[in-house]
Amino acid sequence: MEPQLNPISYPQSRSFVFLLLAIFYTWPLPVASNQRIPTDPQAAPEYAHSIRLDGDIILGGLFPVHSRGDRGTPCGELKKEKGIHRLEAMMFAIDLINKDPELLPNITLGARILDTCSRDTYALEQSLTFVQALIERDGSDVRCANGDPPIFTKPDKIVGVIGAAASSVSIMVANILRLFKIPQISYASTAPELSDNTRYDFFSRVVPPDSYQAQAMMDIVTAMEWNYVSTLASEGNYGESGVEAFIQISRETGGVCIAQSLKIPREPRPGEFDKIIRRLLETSNARAIIMFANEDDIRRVLNAAKKNNQTGHFLWVGSDSWGSKISPVDGQERVAEGAITILPKRASVDAFDRYFRSRSLSNNRRNVWFAEFWEENFNCKLGMHGKRPGSLKKCTGLEKVGRNSSYEQEGKVQFVMDAVYAMAHALHNMHRKLCYGYPGLCPRMANIDGKELLGHIRAVSFNGSAGTPVVFNENGDAPGRYDIFQYQITNRSTAEYRVIGSWTNKLHLKMEAMRWKTGDPSLPPSVCSVPCRAGERKKVVKGVPCCWHCERCEGYHYQASEFTCELCKYDMRPDANRTGCVPIPIIKLEWHSPWTVVPVFISMLGIIATSFVIVTFVRYNDTPIVRASGREMSYVLLTGIFLCYAITFLMIATPDVVVCSFRRIFLGLGMCFSYAALLTKTNRIHRIFEQGKKSVTAPRFISPASQLVITFSLISVQLLSVFVWFAVDPPHIVVDYGEQWTQDPMTARGVLKCDISDLSLICSLGYSILLMVTCTVYAIKTRGVPETFNEAKPIGFTMYTTCIIWLAFIPIFFGTSQSAERMYIQTTTLTISLSLSASVSLGMLYMPKVYIILFHPEQNVPKRKRSFKAIVTAATMSGKLTQKGGDRPNGEVKTELCESMETNTSSTKTTYVSYSNHAI
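Everything in this summary refers to the structure shown in the same document. Note that the structure is predicted; figures quoted are calculated from it, not measured. (Residues numbered from 1 in each chain as written. Predicted model: local features only at pLDDT ≥ 70, side-chain atom pairs only at ≥ 80, totals over all residues. Heavy atoms only, no water.)

**A word on the sheet that holds strand β2 (residues 57–63)**
Two orientations exist for strands paired in a sheet by backbone hydrogen bonds: parallel and antiparallel. Pairing in this open sheet of 6 strands is mixed, and the strands run β1-β5-β2-β6-β7-β8 from one edge to the other. Taken across any chain shown, the strands that pair with only one partner, and hence form the sheet edges, are β1 (50–53) and β8 (203–205). Averaged over all neighbouring strand pairs, the angle between strand axes comes to 20°, with direction disregarded. Taken together, the 4 bridges between β2 and strand β6 (residues 158–162) define a ladder with parallel strand orientation. Directly across from I58, in β6, lies its bridge partner I158. (Pairing = 2+ DSSP bridges. Helix = DSSP H or I, 4+ residues; strand = E, 2+ residues; numbered from the N terminus. Axes fitted to C-alpha atoms, helices over the stretch in contact; angles between N-to-C directions.)

**With respect to a nonpolar patch on the surface**
On the surface, a nonpolar cluster with roughly 420 Å² of combined accessible area is contributed by F612, Y851, L854 and F855. In terms of residue count, the dominant contributor to the nonpolar patch is helix α22 (residues 847–855) (3 residues). On the secondary structure map, Y851 appears in helix α22. (Patch = residues over 30% accessible without salt bridge, like charges linked within 9 Å, V, L, I, M, F, W, Y side chains within 5 Å. Areas by Shrake-Rupley, 256 points an atom, 1.4 Å probe, with all protein chains shown as cover. Salt bridge = Lys/Arg side-chain N within 4 Å of Asp/Glu carboxyl O.)

**Concerning the packing of aromatic side chains**
A complete count under the given rule lists 26 aromatic pairs for this structure. Ring centres of F63 and Y187 lie 5.1 Å apart, and the angle between their planes is 15°; on these two criteria the pair is classed as stacked. Highlighted residues: F63 in strand β2 and Y187 in the loop between β7 (184–186) and β8, separated in sequence by 124 residues. Here the two residues F63 and Y187 agree in accessibility, since each one is buried. With a centroid separation of 6.4 Å and 75° between ring planes, the pair formed by F797 and Y800 is classed as edge-to-face. Here F797 and its partner Y800 are both found in helix α20 (residues 792–815), 3 residues apart, which amounts to about one turn of the helix. Exposure remark for F797: the relative accessible area of 47% places this residue in the partly exposed category. Ring pairs connect the aromatic residues F92, F352, Y355, F356, F370, F373, W374, F378 and Y407, which therefore count as one cluster. The ring of W548 has K538 lying over it, and the distance from NZ or CZ to the ring centre is 3.8 Å. In this structure, R664 packs its charged tip against the face of F726, placed 5.7 Å from the ring centre. (Phe/Tyr/Trp six-rings, centres within 6.5 Å; stacked < 30°, edge-to-face > 60°. Buried < 20%, exposed > 50% of the residue type's maximum accessible area, 1.4 Å probe, protein only. Lys NZ or Arg CZ within 6 Å of the ring centre and 35° of its normal.)

**Re the state of the cysteines**
Using the criterion set out here, one finds 9 disulfides in the structure. Through a disulfide, C528 is tied to C547; the S-S separation comes to 1.8 Å. In this structure, the disulfide formed by C528 and C547 twists by about 110° around the S-S bond and is classed as right-handed. Here the residue C528 occupies a position in the loop between β18 (507–509) and β19 (536–541), and C547 occupies one in strand β20 (residues 544–552), the gap between them amounting to 19 residues. Overall, the relative accessible area of 8% leaves C547 in the buried class. (Disulfide = S-S within 2.5 Å.)

**Brief notes about the pattern of salt bridges**
Applying the stated criterion across every chain yields a total of 25 salt bridges. Residue E551 pairs with K539 through a salt bridge whose shortest N-O separation is 3.7 Å. With E551 in strand β20 and K539 in strand β19, this residue pair connects regions lying 12 residues apart in the sequence. Judged by relative accessible area, E551 falls into the partly exposed class, the value being 30%.

**Brief notes about the nonpolar core**
If you look at the biggest cluster of nonpolar residues, it comprises 67 residues, and the most contacted ones within it are L87, M90, L109, I185, Y187, F352 and L427. The biggest single contributor to this core is helix α12 (residues 413–434), with 14 residues. Counting residues in each nonpolar core, the second largest holds 53 residues, with F673, Y675, A677 and C754 among its members. (Core = buried A, V, L, I, M, F, W, Y, C linked by side-chain atoms within 4.5 Å.)

**Some words on the pairing of strand β9 (residues 228–234)**
Across the 7 residues that make up β9, a large majority, 7, are buried. What you see with β9 is no split at all: Y228, S230, L232 and S234 on one side and V229, T231 and A233 on the other are buried throughout. Pairing of β9 with strand β10 (residues 257–264), which is carried by 6 bridges, proceeds in the parallel orientation. Looking across to β10, one finds that S234 is bridged to I264. In terms of strand pairing, β9 meets strand β11 (residues 288–292) through 5 bridges, oriented parallel. Note on β11: the bridge partner recorded for L232 is M291.

**Overview of the sheet that holds strand β17 (residues 495–503)**
Ordered by their spatial adjacency, 8 strands build an open sheet running β10-β9-β11-β12-β13-β16-β17-β18, and the pairing between neighbours is mixed. Only two strands of the sheet have a single partner each, and these edge strands are β10 and β18. For this sheet, the mean inter-axis angle between neighbouring strands, taken without regard to orientation, is 25°. Sheet analysis places β11 next to strand β12 (residues 315–318), joined by 4 bridges and oriented parallel. When the sheet's bridge partners are listed, A288 is paired in β12 with L315. Each of β9, β11, β12, β13 (340–344), β16 (482–489), β17 and β18 is contacted by helix α5 (residues 210–223), which is oriented at about 170° to β11, the strand it contacts most. Each of β9, β10 and β11 touches helix α7 (residues 272–281); the most contacted strand, β10, lies at about 175° to it. (Contact = heavy atoms within 4.5 Å.)

**Quick notes on empty space enclosed by the protein**
Scanning all chains against the criterion turns up 6 cavities of 30 Å³ or more. Taken together, 23 residues make up the lining of the largest cavity; nearest its centre are M651, R663, K753, I756 and T827. Among the elements of the structure, α16 (631–652), α17 (657–694), β27 (749–754), α19 (758–781) and α21 (822–845) are those that each provide at least two residues to the lining of the largest cavity. Considering each element in turn, the lining of the largest cavity owes the most residues, 5 residues, to α21. By residue class, the composition of the lining of the largest cavity is 14 nonpolar, 3 polar and 6 charged. The computed volume of the second largest cavity comes to approximately 110 Å³. Together, 13 residues line the second largest cavity, and V206, F415, T468, P469 and R481 are the ones closest to its centre. Of all elements in the fold, only α12 and β15 (469–470) reach the threshold of two or more residues within the lining of the second largest cavity. The element best represented in the lining of the second largest cavity is α12, accounting for 3 residues. Here the residues of the lining of the second largest cavity are counted per class, giving 8 nonpolar, 2 polar and 3 charged. (1 Å grid on protein atoms, 1.4 Å probe; cavity = no way out; pocket = protein on both sides within 12 Å on 5 of 7 lines; lining within 4 Å. Points joined across faces, edges and corners; volume = space filled by probe spheres on them. Nonpolar A, V, L, I, M, F, W, Y, C, P; charged D, E, K, R; others polar.)

Next comes the structure, spelled out in structure tokens:
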């Protein structure tokens with residue numbers, strides 16, 4: 001419907017006072033005759049402003065027969081379609097009901113139809129006619145000229161009103177009718193305000209309220225994926241309440257933001273529409289314009305958009321006031337192209353077309369405005385009293401509607417007829433209840449109770465004139481049923497409205513049927529901000545939830561929702577799109593890694609060399625050199641060297657419980673075997689020569705068996721500590737995600753490793769290092785023993801070198817604890833350090849012996865045995881001569897010592913003494 005003036009809201013008391021005053025001034029003058037007023041409008045001038053049809057039950061009717069007048073006149077030009085078509089529809093429906101033997105049998109419906117002139121205040125004055133019969137008039141103080149008491153014409157009692165069209169008129173009239181409990185059914189008023197059952201409890205309508213229309217328009221906007229729109233309303237109840245309903249729905253749903261909400265003044269000044277277009281362009285992203293405006297305003301808005309070169313920019317969404325009308329888009333087809341409009345679902349009533357085409361001046365004298373319609377429709381003049389000025393042709397009265405003039409059924413005809421039939425069905429049901437079996441009106445319906453009739457109205461349910469069901473909800477509203485149109489220009493450059501969907505509590509839209517100016521099948525945008533890409537969160541602009549900035553989720557954060565980024569769990573990282581988390585890849589030291597090639601190569605060479613030495617020693621187990629080396633201790637030492645090489649493979653192997661258990665056991669065991677054996681040897685040498693300085697008695701525990709016991713006692717400490725470690729903290733594997741944590745999550749890795757911390761590692765090696773340091777101390781103490789007698793010096797050199805290796809290991813190992821390559825560097829450093837330590841021991845202690853055994857067998861022969869006393873004497877002498885050498889420069893004493901030694905001992909360089917061969 002088209003928007004009208006804002007309604008004037010009166011309290012009931014003020015309305016009643018105004019009503020009484022109005023009745024007082026508009027009350028018909030008494031007549032001194034009981035003659036019935038004739039119904040011929042030519043013979044009854046007081047009825048010239050209305051139509052009256054006789055009947056047992058009289059219905060009121062309000063129609064905008066004329067437009068609003070100018071310069072103080074209440075009425076303007078005739079409205080052919082909205083006025084004449086609609087009131088003729090009411091009379092046609094009454095005729096059909098009166099002829100229907102099933103509906104209100106033996107009861108005739110009559111009517112009193114008034115012209116509202118499209119003005120709410122004028123309609124209020126006219127509607128007072130409907131309530132005159134309900135007010136008692138005291139005429140005791142009134143006398144006629146001859147002194148007789150007056151005879152008042154009894155006004156018709158109106159039981160119900162059909163109308164009005166404009167919401168503002170219906171609101172004004174409803175405030176009066178509710179005071180007298182007269183039900184009202186509108187055929188075109190759609191303002192949401194009228195759904196308030198506390199204020200307009202006697203109002204019903206056969207058209208859906210604008211709240212449904214606003215919901216349908218919101219569903220269209222949502223389906224088009226538009227979230228940033230502007231609204232435009234004509235000033236008045238229709239436009240403002242429609243936009244208000246749309247904005248309220250947008251707030252409740254939260255998916256659509258209103259960029260601007262503009263109002264078209266009732267009396268726009270020059271340039272007002274250009275100003276509106278400029279304001280709409282201030283939020284150019286809001287291309288969709290939701291319009292609740294009258295035809296005139298729609299046309300002028302489109303014209304302003306065309307003048308401002310905005311053809312194709314705006315996406316119009318029009319209410320039912322635009323619908324499928326030609327007048328708003330005539331001559332402005334291009335700027336209106338693509339407009340989506342909405343219209344209550346309706347159908348043409350063929351029976352009315354036949355009825356209206358058959359109307360003529362001779363058979364339609366009951367319509368007091370039909371002569372004026374005739375002149376307007378056929379552009380002619382009816383005699384000298386015709387209302388159309390100018391030198392027009394004279395009407396013949398033989399013209400035919402639809403033949404000599406264009407004719408198209410007005411869109412609300414169906415709803416006018418449905419409103420009349422709803423009132424008739426309610427009266428029929430009321431008659432069956434109160435006058436069951438009684439022909440005609442019974443005494444109980446002589447004065448129809450409006451409240452009871454309202455209850456029957458709200459309870460009706462029937463198929464209307466177009467076959468659609470007519471029902472009312474608890475607020476008197478009809479269900480929402482709309483057709484969705486789009487204004488399209490076809491390939492032949494012809495413009496037309498095409499149905500693209502419907503809305504019946506739910507939107508059904510045919511996207512494939514839509515056409516846009518650009519020719520692009522994709523939907524045109526009307527959004528404040530483009531959607532964020534995957535992995536980006538929306539940072540909403542304060543106060544405008546549809547506008548946002550996109551911020552990428554950084555680091556280990558992923559897009560948890562549209563508005564938030566959350567941190568992945570410690571063992572996860574964002575996926576490529578940052579829309580979720582995926583497990584961090586787990587790595588371990590691989591056999592093919594460059595970091596493992598050198599340690600494995602050294603270990604393999606060491607294992608081969610160690611195995612070769614062991615085989616050689618076993619093969620030549622009883623030769624003097626093997627026996628002189630201390631066979632038992634040598635095998636223990638070689639076992640430790642072998643384990644030091646073998647641990648490399650355990651350190652590189654894939655961690656599991658078994659591998660981790662072996663790592664704990666063998667990591668320090670190899671060094672413990674080696675340095676326990678060397679410590680035992682150096683301690684034995686030290687004790688022998690220290691004892692020799694005091695007496696010629698051999699020290700205790702220097703036999704091979706004693707040495708083995710001491711060695712394995714030292715080793716058992718290592719094993720015991722490992723078993724305690726097993727009990728306190730059973731071995732298991734872990735994935736360390738902090739070791740290779742990086743700023744870029746794509747390069748982050750989890751390291752599969754045994755649960756051995758750096759501290760645990762040092763503790764595991766600590767005992768072996770303690771043995772190594774102690775052995776080094778004894779090596780320093782026995783450095784004075786001649787190489788002729790024992791391998792003290794090679795042991796010393798071995799320990800010095802080993803200490804240097806491990807001193808270099810410690811800073812490298814702990815200095816790389818924060819490196820991303822920590823796993824590789826530390827494992828490689830540890831394995832190479834172990835292998836180098838083993839290699840030093842193997843090379844310095846056993847390679848010379850193997851060389852003599854294999855390549856100089858002539859030296860591997862028994863030598864004469866020397867007594868323990870001779871050995872100690874030689875050692876003591878060597879020590880003294882060494883001290884004496886400190887008093888002479890340039891090595892003179894050294895030369896003397898060498899000569900003395902050569903004199904007293906023959907072939908000292910090839911003499912090997914085994915302490916084990918002496919009985920001690």
